Amino acid sequence: MFTALRRFSILLTMVLEFYILGTQPSLSVQFSVYTMIGGAVLAASNDLTFTAIGYSLVMLNNVFTAGNGVYTKKRLESKEYGKYGLMYYNALFVLVPFAFVAILTGEVTKAMDYSGWFEPRFLLYFGLSCVMGFILNASVVICTQHNSALTTTIVGCLKNVSVTYLGMFIGGDYVYHPLNFLGINISVIGSLIYTYVTFRR
(Lines give C-alpha, C1' and ligand atoms only; values in the text may rest on other atoms or scores of the structure.)
Protein backbone atom coordinates (compact mmCIF):
# COMPACT_ATOMS: atom_id res chain seq x y z
CA MET A 1 0.00 0.00 0.00
CA PHE A 2 2.92 2.32 0.71
CA THR A 3 4.00 2.11 -2.93
CA ALA A 4 0.49 2.93 -4.21
CA LEU A 5 0.11 5.92 -1.87
CA ARG A 6 3.52 7.23 -2.88
CA ARG A 7 1.97 7.97 -6.28
CA PHE A 8 0.48 11.13 -4.75
CA SER A 9 3.98 12.63 -4.76
CA ILE A 10 3.67 12.64 -8.56
CA LEU A 11 0.52 14.78 -8.49
CA LEU A 12 2.05 17.14 -5.93
CA THR A 13 5.19 17.46 -8.05
CA MET A 14 3.14 18.31 -11.14
CA VAL A 15 1.20 20.97 -9.21
CA LEU A 16 4.34 22.49 -7.66
CA GLU A 17 6.10 22.53 -11.04
CA PHE A 18 3.17 24.52 -12.42
CA TYR A 19 3.12 27.08 -9.59
CA ILE A 20 6.84 27.34 -8.81
CA LEU A 21 8.57 26.61 -12.13
CA GLY A 22 5.78 27.73 -14.47
CA THR A 23 5.80 24.38 -16.28
CA GLN A 24 2.55 23.52 -18.08
CA PRO A 25 2.26 19.73 -18.52
CA SER A 26 0.75 18.43 -21.75
CA LEU A 27 -2.69 16.81 -21.70
CA SER A 28 -1.17 13.36 -22.24
CA VAL A 29 1.16 13.85 -19.25
CA GLN A 30 -1.77 15.05 -17.13
CA PHE A 31 -3.83 12.04 -18.23
CA SER A 32 -1.07 9.63 -17.22
CA VAL A 33 -0.63 11.34 -13.84
CA TYR A 34 -4.40 11.31 -13.16
CA THR A 35 -4.49 7.63 -14.16
CA MET A 36 -1.77 6.87 -11.61
CA ILE A 37 -3.57 8.83 -8.92
CA GLY A 38 -6.95 7.28 -9.78
CA GLY A 39 -5.43 3.83 -9.47
CA ALA A 40 -3.81 4.73 -6.15
CA VAL A 41 -7.13 6.09 -4.80
CA LEU A 42 -8.94 2.93 -5.94
CA ALA A 43 -6.27 0.74 -4.35
CA ALA A 44 -6.38 2.69 -1.09
CA SER A 45 -10.20 2.87 -0.96
CA ASN A 46 -10.46 -0.69 0.20
CA ASP A 47 -7.21 -1.03 2.09
CA LEU A 48 -7.75 -3.57 4.81
CA THR A 49 -4.55 -2.53 6.62
CA PHE A 50 -5.47 1.18 6.93
CA THR A 51 -4.02 3.23 9.79
CA ALA A 52 -4.48 7.00 10.00
CA ILE A 53 -0.95 7.60 11.26
CA GLY A 54 0.52 5.47 8.47
CA TYR A 55 -1.40 7.29 5.75
CA SER A 56 -0.54 10.67 7.30
CA LEU A 57 3.17 9.89 7.36
CA VAL A 58 3.13 8.69 3.75
CA MET A 59 1.33 11.87 2.63
CA LEU A 60 3.84 14.00 4.58
CA ASN A 61 6.61 12.10 2.82
CA ASN A 62 4.89 12.89 -0.51
CA VAL A 63 4.85 16.63 0.25
CA PHE A 64 8.56 16.63 1.14
CA THR A 65 9.46 14.54 -1.93
CA ALA A 66 7.59 16.90 -4.28
CA GLY A 67 9.06 20.02 -2.66
CA ASN A 68 12.58 18.60 -2.75
CA GLY A 69 12.33 17.68 -6.42
CA VAL A 70 10.87 20.99 -7.58
CA TYR A 71 13.22 23.18 -5.55
CA THR A 72 16.20 21.06 -6.66
CA LYS A 73 15.18 21.71 -10.27
CA LYS A 74 14.73 25.43 -9.55
CA ARG A 75 18.20 25.71 -8.00
CA LEU A 76 19.81 23.71 -10.80
CA GLU A 77 18.22 25.96 -13.43
CA SER A 78 19.49 29.10 -11.72
CA LYS A 79 23.11 27.88 -12.18
CA GLU A 80 23.83 29.44 -8.77
CA TYR A 81 25.11 26.12 -7.44
CA GLY A 82 26.41 23.13 -9.32
CA LYS A 83 24.89 19.72 -8.74
CA TYR A 84 27.57 18.85 -6.17
CA GLY A 85 27.27 22.23 -4.47
CA LEU A 86 23.54 21.69 -4.17
CA MET A 87 24.08 18.24 -2.65
CA TYR A 88 26.66 19.67 -0.23
CA TYR A 89 24.41 22.45 1.04
CA ASN A 90 21.44 20.12 1.26
CA ALA A 91 23.46 17.75 3.46
CA LEU A 92 24.83 20.64 5.50
CA PHE A 93 21.42 22.17 6.22
CA VAL A 94 19.86 18.87 7.22
CA LEU A 95 22.72 18.00 9.58
CA VAL A 96 21.43 20.05 12.54
CA PRO A 97 17.81 18.78 12.49
CA PHE A 98 19.04 15.24 11.84
CA ALA A 99 21.45 15.40 14.77
CA PHE A 100 18.69 16.79 17.01
CA VAL A 101 16.30 13.96 16.11
CA ALA A 102 19.06 11.35 16.45
CA ILE A 103 19.93 12.58 19.94
CA LEU A 104 16.26 12.91 20.94
CA THR A 105 15.39 9.36 19.87
CA GLY A 106 18.52 7.82 21.43
CA GLU A 107 20.03 6.71 18.11
CA VAL A 108 23.39 8.36 18.92
CA THR A 109 23.67 6.37 22.14
CA LYS A 110 22.77 3.14 20.33
CA ALA A 111 25.40 3.85 17.67
CA MET A 112 28.07 4.62 20.26
CA ASP A 113 27.24 1.43 22.20
CA TYR A 114 27.43 -0.77 19.09
CA SER A 115 30.20 -3.32 19.63
CA GLY A 116 31.02 -3.99 15.98
CA TRP A 117 32.57 -0.64 15.03
CA PHE A 118 35.99 -2.20 14.48
CA GLU A 119 34.92 -5.38 12.71
CA PRO A 120 36.27 -5.36 9.14
CA ARG A 121 33.06 -6.71 7.62
CA PHE A 122 30.92 -4.07 9.34
CA LEU A 123 33.30 -1.30 8.24
CA LEU A 124 33.19 -2.60 4.67
CA TYR A 125 29.38 -2.69 4.61
CA PHE A 126 29.11 0.68 6.36
CA GLY A 127 31.52 2.25 3.88
CA LEU A 128 29.68 0.72 0.91
CA SER A 129 26.40 1.99 2.34
CA CYS A 130 27.79 5.53 2.50
CA VAL A 131 29.14 5.33 -1.06
CA MET A 132 25.87 3.93 -2.41
CA GLY A 133 23.92 6.67 -0.59
CA PHE A 134 26.05 9.29 -2.32
CA ILE A 135 25.59 7.59 -5.70
CA LEU A 136 21.81 7.44 -5.19
CA ASN A 137 21.61 11.14 -4.24
CA ALA A 138 23.89 12.14 -7.12
CA SER A 139 21.76 10.09 -9.53
CA VAL A 140 18.56 11.81 -8.39
CA VAL A 141 20.12 15.27 -8.78
CA ILE A 142 21.56 14.44 -12.21
CA CYS A 143 18.23 12.97 -13.35
CA THR A 144 16.46 16.14 -12.19
CA GLN A 145 19.06 18.31 -13.92
CA HIS A 146 18.58 16.59 -17.29
CA ASN A 147 14.83 15.96 -17.03
CA SER A 148 11.96 17.48 -15.09
CA ALA A 149 11.28 17.02 -11.40
CA LEU A 150 8.10 15.18 -12.47
CA THR A 151 10.08 12.67 -14.53
CA THR A 152 12.45 12.06 -11.62
CA THR A 153 9.50 11.45 -9.29
CA ILE A 154 7.85 9.04 -11.72
CA VAL A 155 11.12 7.17 -12.26
CA GLY A 156 11.27 6.82 -8.47
CA CYS A 157 7.82 5.25 -8.46
CA LEU A 158 8.50 3.09 -11.54
CA LYS A 159 11.45 1.44 -9.87
CA ASN A 160 8.96 0.13 -7.31
CA VAL A 161 6.81 -1.75 -9.84
CA SER A 162 8.59 -5.03 -9.19
CA VAL A 163 8.53 -4.35 -5.44
CA THR A 164 4.76 -3.79 -5.65
CA TYR A 165 4.07 -7.11 -7.35
CA LEU A 166 6.64 -9.12 -5.40
CA GLY A 167 5.26 -7.64 -2.17
CA MET A 168 1.93 -9.31 -2.91
CA PHE A 169 3.58 -12.72 -2.58
CA ILE A 170 6.54 -12.10 -0.29
CA GLY A 171 6.34 -10.68 3.21
CA GLY A 172 2.82 -11.74 4.10
CA ASP A 173 1.40 -8.26 4.79
CA TYR A 174 -0.57 -7.84 1.54
CA VAL A 175 -4.30 -8.50 1.95
CA TYR A 176 -5.82 -9.26 -1.44
CA HIS A 177 -9.00 -7.49 -2.51
CA PRO A 178 -10.15 -7.13 -6.15
CA LEU A 179 -10.48 -3.32 -5.93
CA ASN A 180 -7.06 -2.99 -4.38
CA PHE A 181 -5.48 -5.21 -7.01
CA LEU A 182 -7.29 -3.38 -9.85
CA GLY A 183 -6.20 0.01 -8.48
CA ILE A 184 -2.56 -1.02 -8.28
CA ASN A 185 -2.67 -2.24 -11.90
CA ILE A 186 -4.33 0.97 -13.12
CA SER A 187 -1.65 3.01 -11.36
CA VAL A 188 1.13 0.97 -12.97
CA ILE A 189 -0.53 1.39 -16.39
CA GLY A 190 -0.55 5.16 -15.81
CA SER A 191 3.20 5.02 -15.12
CA LEU A 192 3.79 3.12 -18.34
CA ILE A 193 1.68 5.65 -20.29
CA TYR A 194 3.82 8.48 -18.87
CA THR A 195 6.97 6.64 -19.92
CA TYR A 196 5.62 6.17 -23.45
CA VAL A 197 4.48 9.81 -23.74
CA THR A 198 7.76 11.21 -22.39
CA PHE A 199 10.13 9.12 -24.49
CA ARG A 200 8.05 9.56 -27.65
CA ARG A 201 8.85 13.30 -27.62
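Below, the structure is looked at part by part. (Residues numbered from 1 in each chain as written. Predicted model: local features only at pLDDT ≥ 70, side-chain atom pairs only at ≥ 80, totals over all residues. Heavy atoms only, no water.)

**Remarks on the layout of surface pockets**
Here is step 1 of the chain: Empty space within the largest pocket amounts to approximately 1400 Å³.
Here is step 2 of the chain: Lining the largest pocket we find 38 residues, and of these N68, T72, N90, N137 and V140 sit closest to its centre.
Here is step 3 of the chain: At the level of elements, α1 (2–5), α4 (52–78), α5 (83–104), α7 (120–146) and α8 (149–158) are the ones that each hand at least two residues to the lining of the largest pocket. (1 Å grid on protein atoms, 1.4 Å probe; cavity = no way out; pocket = protein on both sides within 12 Å on 5 of 7 lines; lining within 4 Å. Points joined across faces, edges and corners; volume = space filled by probe spheres on them. Helix = DSSP H or I, 4+ residues; strand = E, 2+ residues; numbered from the N terminus.)

**Concerning the pattern of salt bridges**
Here is step 1 of the chain: This structure, assessed with the given rule, holds two salt bridges.
Here is step 2 of the chain: Linking R75 and E80 is a salt bridge whose minimum nitrogen-to-oxygen distance equals 3.0 Å.
Here is step 3 of the chain: On the basis of relative accessible area, R75 is assigned to the partly exposed category, the value being 32%.
Here is step 4 of the chain: A salt bridge links E107 to K110, with the shortest nitrogen-to-oxygen separation between them at 3.6 Å. In this pair, E107 and K110 are both assigned in helix α6 (residues 107–113), three residues apart and thus about one turn of the helix distant. (Salt bridge = Lys/Arg side-chain N within 4 Å of Asp/Glu carboxyl O. Buried < 20%, exposed > 50% of the residue type's maximum accessible area, 1.4 Å probe, protein only.)

**Overview of the packing of aromatic side chains**
Here is step 1 of the chain: In the structure shown here, the tally under the stated rule is eight aromatic pairs.
Here is step 2 of the chain: Plain terms: the ring middles of F122 and F126 are 5.7 Å apart, the flat faces sit at 20° to each other, and that makes the pair stacked. In this pair, F122 and F126 both sit in helix α7, four residues apart, roughly one turn of the helix.
Here is step 3 of the chain: Classification of F126 as partly exposed rests on a relative accessible area of 39%. (Phe/Tyr/Trp six-rings, centres within 6.5 Å; stacked < 30°, edge-to-face > 60°.)

**A few points about the packing of α8 against helix α10 (residues 178–200)**
Here is step 1 of the chain: Remark: α8 packs on α10, axes separated minimally by 10 Å, with the N-to-C direction vectors making an angle of 135°. With respect to α10, the axis of α8 lies oblique. Considering how the two elements wind past one another, α8 and α10 form a crossing that is left-handed. Across the interface between the two elements, L150, T151, I154 and L158 of α8 pack against S191, L192, Y194, T195 and T198 of α10.
Here is step 2 of the chain: A class-by-class count of the residues in the contact of α8 with α10 yields five nonpolar, four polar and no charged. (Axes fitted to C-alpha atoms, helices over the stretch in contact; angles between N-to-C directions. Parallel < 35°, antiparallel > 145°, perpendicular 65-115°, else oblique. Left-handed = near helix turned anticlockwise from the far one by under 90°. Contact = heavy atoms within 4.5 Å. Nonpolar A, V, L, I, M, F, W, Y, C, P; charged D, E, K, R; others polar.)

**A word on the environment of M132**
Here is step 1 of the chain: Locating M132 in the fold gives a position in helix α7.
Here is step 2 of the chain: Between the C-alpha atom of M132 and that of G82, which follows or precedes it by 50 residues, the distance is 20 Å.

**So, the nonpolar core**
Here is step 1 of the chain: Within the largest apolar cluster, 17 residues are counted, with the highest numbers of intra-cluster contacts made by I10, V33, L150 and I154.
Here is step 2 of the chain: Element by element, the count of residues in this core is highest for helix α3 (residues 27–45), at six residues.
Here is step 3 of the chain: When near neighbours in sequence (up to four residues on either side) are disregarded, V33 contacts I10, L11, M14, L150 and I154.
Here is step 4 of the chain: Listed in part, the five residues of the second largest apolar core include L76, L86, A138 and V141. (Core = buried A, V, L, I, M, F, W, Y, C linked by side-chain atoms within 4.5 Å.)

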